[in-house]
Each structure stands twice: as C-alpha cells, then as structure tokens.
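Each chain is listed here by its residues.
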Amino acid sequence: DGGITQSPKYLFRKEGQNVTLSCEQNLNHDAMYWYRQDPGQGLRLIYYSQIVNDFQKGDIAEGYSVSREKKESFPLTVTSAQKNPTAFYLCASSIGPSRGGPKNIQYFGAGTRLSVL
Amino acid sequence: EDQVTQSPEALRLQEGESSSLNCSYTVSGLRGLFWYRQDPGKGPEFLFTLYSAGEEKEKERLKATLTKKESFLHITAPKPEDSATYLCAATVPGQPLIIQGAQKLVFGQGTRLTINP
C-alpha cells in the first residue's frame, strides 16, 4: 500500500536535546512538507521541499532543521533552540501539477506527538 | 496577509440533523480550496478540492461549495461516524516555484463536529 509513514508515534525530549522525526513516503511524490499542530490552532508550515537536495523555510522554521537527501525521505530535527516543542507534528507530500494527476493535493501521515520531559 | 477562518469552532448535532460548516478566506491568488477530515490523534484525511467559484463536490453525506470569499461544507443527515474535526485550507503560491510541485497551504483552525446518536 502506498502512503506516508511517520515514526515514532510518540516522542519525548529532554532539556537541551535534539530529536529527529522520521517521514518516509512511497507515493513517488516530489514535494514534502512538515507542519506543526497546536490545540485550537490551524496547521502551521515549518519547512517544505520541492525536490531532492532543496528545501525552503515555512512560517515557523526557527528551532527546526530538515534534510532531503532522498526523494522518499524528509526527516525533521527539533533542536534545543526550539523552546516550546510540545506539539503534534505532521508530514505531508504532494505530486505536483507538473506531473499530472489531481494537482496540489497534500496527503498526510499519521503524525508524531512530541512532548518535553 | 493570507488568512483562513472557520466557523463555528465546535458544533454538536443530533443524528440526522443537517447543517453547514463555514470557511472564509482572504488570500491573494487562490489556487485551490481544500477540505480535510481529522480524527483525534491522526493525520488529516483529504476530502475535497475546489478550484473556482460555483464549483461543488459531493461525497456520501458531504457536499462542498465555493464562492469568491468562502466555502461551505454541508453535511446532510449526519451519522455518529461523521464526528471529527473538519479542516479547511487555501493554496497560495509557494516561493520559489521550481517545478510548481510545492504549494503552500494556509489552514483554518478547524471545526470540531460531534454527532450524537
């Protein structure tokens, strides 16, 4: 089955620690995204990537870093500089209109809930 | 500033009681309007995308409509399994556009729908 896999489902971070959230997709999508969801707020874009080895900051990139070394993978690192990391993190991907099919639809993984110890 | 606002924040209905959820948007260069369903602790599930005013899409008990300023998600004769948070999002051009594969989504805060049996 094609889809987006996020791991782990739950993650705990200690003070001063960097943690990495995994996102893998087997949909052959070019674009991938990371969002943060807080209670009562809409999803906010952290980073996005349109192609391998390229990524762009979203609206709330401070304290986060990403890499895109493979088309299938887009890991997110929450660094110690992110002072309020507790949230639900969602990874998404989209095919893009240049490759045909329904354009711009973003499909989401099941999420990772990050908490601070 | 691009903005998407959903109302009401929460809605409680009896089974079979039809109603509508509202999504108003102020975005420049709207490329598409998306509706997602999100169950607790899970990632959003794609429902509909609308691209031009006057467009309508239907799926089972749900129908989405679009005007130049807002979108409605109509739910007809809902069942308890329709209980979820419904998210609305508008697509605006991402920067930079390399292959037009990544498009920024601006999300509303969601409407939490509860259907009582």
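Quick caveat: nothing in here was measured; it's all calculated off a predicted structure. (Residues numbered from 1 in each chain as written. Chains lettered and ligands numbered in written order. Predicted model: local features only at pLDDT ≥ 70, side-chain atom pairs only at ≥ 80, totals over all residues. Heavy atoms only, no water.)

Description of the overall build of chain B
Thinking step 1. Scanning chain B from N- to C-terminus turns up 0 helices and 11 strands.
Thinking step 2. Going from the N terminus to the C terminus, chain B shows its helices and strands as β-β-β-β-β-β-β-β-β-β-β.
Thinking step 3. Its C-alpha atoms give chain B principal-axis dimensions of about 50 × 30 × 25 Å.
Thinking step 4. Contacts spanning at least 24 positions in sequence make up 57% of the contacts within chain B whose residues lie at least 6 apart.
Thinking step 5. Carbon and sulfur atoms make up 47% of the accessible area of chain B, which amounts to about 5,600 Å² in all.
Thinking step 6. Between the centroid of the 13 positive side chains of chain B and the centroid of its 14 negative side chains there is a distance of 3 Å. (Helix = DSSP H or I, 4+ residues; strand = E, 2+ residues; numbered from the N terminus. Contact = heavy atoms within 4.5 Å. Areas by Shrake-Rupley, 256 points an atom, 1.4 Å probe, with all protein chains shown as cover. Lys, Arg positive; Asp, Glu negative; His and termini not counted. Charge placed at Lys NZ, Arg CZ, Asp CG, Glu CD.)

Observations regarding the packing of aromatic side chains
Thinking step 1. Following the criterion strictly, the structure yields 11 aromatic pairs over all chains and no others.
Thinking step 2. Taken together, a centroid distance of 6.1 Å and an interplanar angle of 65° make the contact between A:Y107 and B:F46 edge-to-face. With A:Y107 in strand β10 (residues 107-108) and B:F46 in strand β5 (residues 45-50), the pair connects residues from two separate chains.
Thinking step 3. Here the aromatic rings of A:F108 and B:Y36 are separated by 5.4 Å at their centres, their planes lie at 90°, and the arrangement is edge-to-face. Residue A:F108 is found in strand β10, and its partner B:Y36 is found in strand β4 (residues 32-38); the two belong to separate chains.
Thinking step 4. By relative accessible area, which is 12% here, A:F108 ends up buried.
Thinking step 5. Residue classification places B:Y36 among the buried residues on the basis of a relative accessible area of 0%.
Thinking step 6. Within the aromatic cluster, the residues linked to one another by ring pairs are A:Y33, A:Y35, A:Y48, A:Y107, A:F108, B:Y36, B:F46 and B:F107.
Thinking step 7. Seen from the ring of A:F74, A:R68 lies directly overhead, with NZ or CZ sitting 6.0 Å from the centre. (Phe/Tyr/Trp six-rings, centres within 6.5 Å; stacked < 30°, edge-to-face > 60°. Buried < 20%, exposed > 50% of the residue type's maximum accessible area, 1.4 Å probe, protein only. Lys NZ or Arg CZ within 6 Å of the ring centre and 35° of its normal.)

Remarks on the pattern of salt bridges
Thinking step 1. What the rule picks out here adds up to 7 salt bridges over all chains.
Thinking step 2. Between A:D38 and A:R44 there is a salt bridge, and its shortest N-O distance comes to 2.8 Å.
Thinking step 3. B:E55 is paired through a salt bridge with B:K57; the nearest N and O atoms lie 3.5 Å apart.
Thinking step 4. A relative accessible area of 30% means that B:K57 is categorised as partly exposed. (Salt bridge = Lys/Arg side-chain N within 4 Å of Asp/Glu carboxyl O.)

Some words on the confidence of the model for chain B
Thinking step 1. For chain B, the average pLDDT comes to 90, and 91% of its residues sit at 70 or higher.
Thinking step 2. Across residues 95-100 of chain B, confidence stays below pLDDT 50; counting only partners more than four residues off in sequence or on other chains, it has 17 contacts. (pLDDT = per-residue confidence, 0-100.)

Section: the state of the cysteines
Thinking step 1. Counting across every chain of the model gives 2 disulfides over all chains.
Thinking step 2. In this model A:C23 forms its disulfide with A:C91; the gap between the sulfur atoms is 1.9 Å. In this structure, the disulfide formed by A:C23 and A:C91 twists by about -70° around the S-S bond and is classed as left-handed. You can see A:C23 sitting in strand β3 (residues 19-25) and its partner A:C91 sitting in strand β9 (residues 87-94), a full 68 residues away along the chain. Here A:C23 and A:C91 have matching classes, each one buried.
Thinking step 3. The disulfide that involves B:C23 links it to B:C88, with 1.8 Å between the sulfurs. One quick way to see it: the torsion about the S-S bond of B:C23 and B:C88 is about -55°, and its sign makes the bridge left-handed. Residue B:C23 is located in strand β3 (residues 19-26), and its partner B:C88 is located in strand β9 (residues 84-93); the two are separated by 65 residues in the primary sequence.
Thinking step 4. Judged by its relative accessible area of 0%, B:C23 is buried. (Disulfide = S-S within 2.5 Å.)

Concerning the side chain of A:D38
Residue and element names in this part refer to chain A.
Thinking step 1. Mapped onto the fold, D38 is located in the loop between β4 (31-37) and β5 (44-51).
Thinking step 2. Separated by 2.8 Å, the side chains of D38 and R36 make a polar contact.
Thinking step 3. One polar contact links D38 to R44, side chain to side chain, over a distance of 2.8 Å.
Thinking step 4. Excluding residues that lie within four positions of it along the chain, D38 makes contacts with R44, T86 and A87. (Polar contact = N/O pair within 3.5 Å; in protein donor to acceptor, adjacent residues only side chain to side chain.)

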